[in-house]
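Summary of structural features
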Amino acid sequence: MRDDRSGPLQAAFFDRNALEVAPALLGKLLVHEIDAETKIVGRVVETEAYTGDDAAFHAWGIIDGPTGSVVPSGRGYDLFAPPGNAYVYLCYGMYWMLNVVTEREGVAGCVLIRAVEPIAGINEMYERRPTAANDISLTDGPGKLTMAFGIDKDHHKQSLCSPPLYFAHGPPPAEAIRTSSRIGITRAVDHQWRYFLEGNPWVSKGTPSDVAAERRRERHRGRPKRRRNSS
DNA sequence: AGTATGATTTCCT
DNA sequence: GGAAATCATACTA
């Protein structure tokens, strides 16, 4: 069976560990076919992996395995869905985050799409992001790219292996793949599970969480002890 | 240029 | 009640 490089990436691509899928997605194209005339395309330049062995994961604490029962509660339950499904959730009450579910159905895992480089439909992206000052700020962050692409709750649990929203093959990236700690989390900050294309201007500007945690410790060093639990 | 803060909703303890 | 996989704006220097 030949690999059709012109169509959407199929479920088999996502049917493995998030730590493999996350770097493999770099250089792939995120495509949203809004309607017959409108197609928004971006090149993936930054991803993060989230796995079952991960305290920062939304599925953390949900029982996983053939003998244990999976308790279907909370948003994390949707991370046990089939590979290639979308996991879209609201972050800080305002911004939609786009994730692709990885691993076979029944095993939780996902990859967060953190930044893309605009390839097509740039005018449509500006319409959806009126505050963007330039092409870079259009899609250089996970909340920014979902705004630019018009991705929200309606895409949650939908398949990303067929239109309207899907990934496609692209040219192999010329940039080197680099890793770091993930951004914006407070648990499992030492996992180097963020992947990005070195030097690409669309990579988000956030501080990796291990660096942020170190800076916090530095700032609080020598200060009087924080009073806690004064209910 | 770097740092701080408000917005706003869902989930968890 | 508080934190959360963020972003835009208003500060300070």
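Structure first, text after, so check above.
Residues numbered from 1 in each chain as written. Chains lettered and ligands numbered in written order. Predicted model: local features only at pLDDT ≥ 70, side-chain atom pairs only at ≥ 80, totals over all residues. Heavy atoms only, no water.

A short note on the protein's contact with DNA strand C
Selection criterion: The near set for a molecule or strand comprises every residue that places at least one heavy atom within 4 Å of it. Here a polar contact means two N or O atoms within 3.5 Å. Within protein one must be a hydrogen donor candidate and the other an acceptor candidate, and residues neighboring in sequence count only if both atoms are side-chain atoms. The helix and strand labels rest on DSSP assignments: H or I over at least four residues marks a helix, E over at least two residues marks a strand, and numbering proceeds from the N terminus.
By nearness alone, 22 residues border DNA strand C, and Tyr95, Asn99, Gly143, Gly184 and Thr186 come closest of all. By atom count, sugar and phosphate contribute 60% of the portion of DNA strand C lying within 4 Å of the protein. In the environment of DNA strand C, a base nitrogen lies 2.4 Å from a nitrogen or oxygen atom belonging to the side chain of asparagine 99. In this structure, arginine 114 approaches DNA strand C through a side-chain N or O atom, which is 3.3 Å from a phosphate oxygen. Those elements that place two or more of their residues in the surface near DNA strand C are β3 (86-91), β4 (95-101), β5 (109-120) and α5 (142-149).

Notes on the nonpolar core
Here is a general trend for soluble globular proteins: nonpolar side chains tend to be buried in one another's company. Stated precisely, the cut-off is as follows: In plain words, nonpolar cores are sets of buried Ala, Val, Leu, Ile, Met, Phe, Trp, Tyr and Cys residues tied together by side-chain atoms within 4.5 Å. Only protein chains enter the accessibility calculation, which uses a 1.4 Å probe; a residue whose area is less than 20% of its type maximum is buried, one above 50% is exposed, and one in between is partly exposed. Contacts: residue pairs with any heavy atoms within 4.5 Å of one another.
Ranked by internal contacts, the top residues of the largest apolar core, which has 38 residues, are Phe14, Leu25, Leu30, Leu98, Ile113, Phe149 and Phe167. Apart from the residues lying within four places of it in its own chain, the contact partners of phenylalanine 14 are Leu9, Val21, Leu25, Pro83, Gly84, Val100, Val101, Thr102, Glu103, Cys161 and Phe167. Within the second largest apolar cluster, 17 residues are counted, among which are Tyr87, Tyr89, Cys91 and Met97.

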